[in-house]
Amino acid sequence: MNSEGEERDGIARWSPLENEGWYAARGATSALRDVLTAAGLEKDFPYLRADLNAFGHGLIELGRVSPETAERLAELLKRALSCPQGADGVCSSPTNLREN
């Protein structure tokens, strides 16, 4: 193997700092964190973090949430899916993410 995952002595080696999966996971985690904060859910996802699996694939750990948090997240997703989208794919009607 060459570059990422280079093999020496039959052992695959890679660094998270040289792994695109890590940066993708970290960026996606930050984006999700910002939206959860805007929705008032920043304290409801205590296990949210970026991670890599043994193969160097980026993953986002959401962790466990309370039933109330799951219901709130489901409601936010329903609202997002029902929002009329403009030509640019962005919701054309503003919504308050903190409403119940």
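Residues take numbers from 1 onward in each chain, read along the sequence in its written order. The model is predicted, so local features are restricted to residues of pLDDT at least 70 and side-chain atom pairs to those at 80 or more, both for listing and for counting; the totals for chains, interfaces and linings are taken over all residues. Computation of side-chain values: all heavy atoms of the structure, hydrogens and water removed.

A short note on the overall build of the protein chain
Secondary structure elements are defined from DSSP: runs of H or I of at least 4 residues count as helices, runs of E of at least 2 residues count as strands, and each element is numbered from the N terminus. Across its full length, the protein chain carries 2 helices and 4 strands. Order of helices (α) and strands (β) in the protein chain, N terminus to C terminus: β-β-α-β-β-α. Exposure classes here rest on a 1.4 Å probe applied to the protein chains alone. A residue is buried below 20% of its type maximum, exposed above 50%, and partly exposed in between. For the protein chain, the proportion of its 100 residues judged to be buried stands at 17%. Put simply, of all contacts in the protein chain between residues at least 6 apart along the chain, 43% involve residues at least 24 apart. With the model as given, the accessible surface of the protein chain reaches about 7500 Å², and the carbon-plus-sulfur share is 55%. Whether two residues touch is decided by their heavy atoms; if any such pair falls within 4.5 Å, the residues are in contact. Accessible surface area values rest on a Shrake-Rupley calculation with a 1.4 Å probe, where residue burial reflects the displayed protein chains alone.

Points about helix α1 (residues 20-38)
Take the residue count of a helix, subtract one, and multiply by 1.5 Å to get its expected span. Taking 1.5 Å of rise per residue, the 19 residues of α1 would be expected to cover 27 Å, and the 27 Å separating its terminal C-alpha atoms lies within 8% of that figure. Among the residues of α1, Gly 21, Ala 25, Thr 29 and Leu 36 are the ones counted as buried. Down the axis of α1, the buried set is contained in an arc of 65°. They therefore lie on one face. Within 3.5 Å is the distance limit for a polar contact, defined as a pair of N or O atoms, with the added protein rule that one can donate a hydrogen and the other accept it, and that residues adjacent in sequence qualify only through two side-chain atoms. Measuring from the side-chain oxygen of the N-cap residue of α1 to the backbone nitrogen of Gly 21 gives 2.6 Å; that N-cap residue is Asn 19. Phi for Gly 40, located one or two positions after α1, is positive at around 80°. The arc refers to the directions leading from the helix axis to the C-beta atoms.

Digging into a nonpolar patch on the surface
Exposure above 30% relative accessible area and no salt bridge define the residues that can form patches, which grow by joining like charges within 9 Å and nonpolar side chains of Val, Leu, Ile, Met, Phe, Trp and Tyr within 5 Å. One speaks of a salt bridge when a side-chain nitrogen belonging to Lys or Arg is within 4 Å of a carboxyl oxygen belonging to Asp or Glu. A cluster of nonpolar side chains, Leu 32, Ile 60 and Leu 62, forms an exposed patch at the surface whose accessible area comes to about 210 Å². Residue position: Ile 60 is located in strand β4 (residues 58-61). Accessibility expressed as a relative area gives 34% for Ile 60, which makes it partly exposed.

So, the environment of Leu 73
Position of Leu 73 relative to the elements: it lies in helix α2 (residues 67-82). With 37 residues separating them along the chain, Leu 73 and Leu 36 place their C-alpha atoms 9.1 Å apart.

Observations regarding the confidence of the model for the protein chain
Residues at a pLDDT of 70 or more form 80% of the protein chain, whose mean pLDDT is 83. Within the protein chain, the element-level pLDDT minimum falls on strand β1 (residues 7-8), averaging 56, and the maximum on β4, averaging 96. Per-residue confidence from the predictor is reported as pLDDT, a score between 0 and 100.

Some points on the pairing of β4
As defined by bridge partners, strand β3 (residues 49-52) adjoins β4 across 4 bridges and the pair is classed as antiparallel. The partner of Leu 52 across the bridge, within β4, is Gly 58. Note on pairing: two strands pair once DSSP finds at least 2 bridges between them. Hairpin connection of β3 to β4: 5 residues between the antiparallel strands, including Gly 56 at a positive phi of 85°.

Quick notes on the pattern of salt bridges
Counting across every chain of the model gives 3 salt bridges. With a shortest N-O distance of 3.1 Å, Arg 33 and Asp 34 are connected by a salt bridge. Classification of Arg 33 by relative accessible area gives partly exposed; the value is 43%. A relative accessible area of 45% means that Asp 34 is categorised as partly exposed. Measuring nitrogen to oxygen at the nearest pair gives 3.5 Å for the salt bridge that ties Arg 79 to Glu 75. Of the two residues, Arg 79 and Glu 75 both sit in helix α2, 4 residues apart, roughly one turn of that helix. A relative accessible area of 22% places Arg 79 in the partly exposed class. With a relative accessible area of 33%, Glu 75 lands in the partly exposed category.

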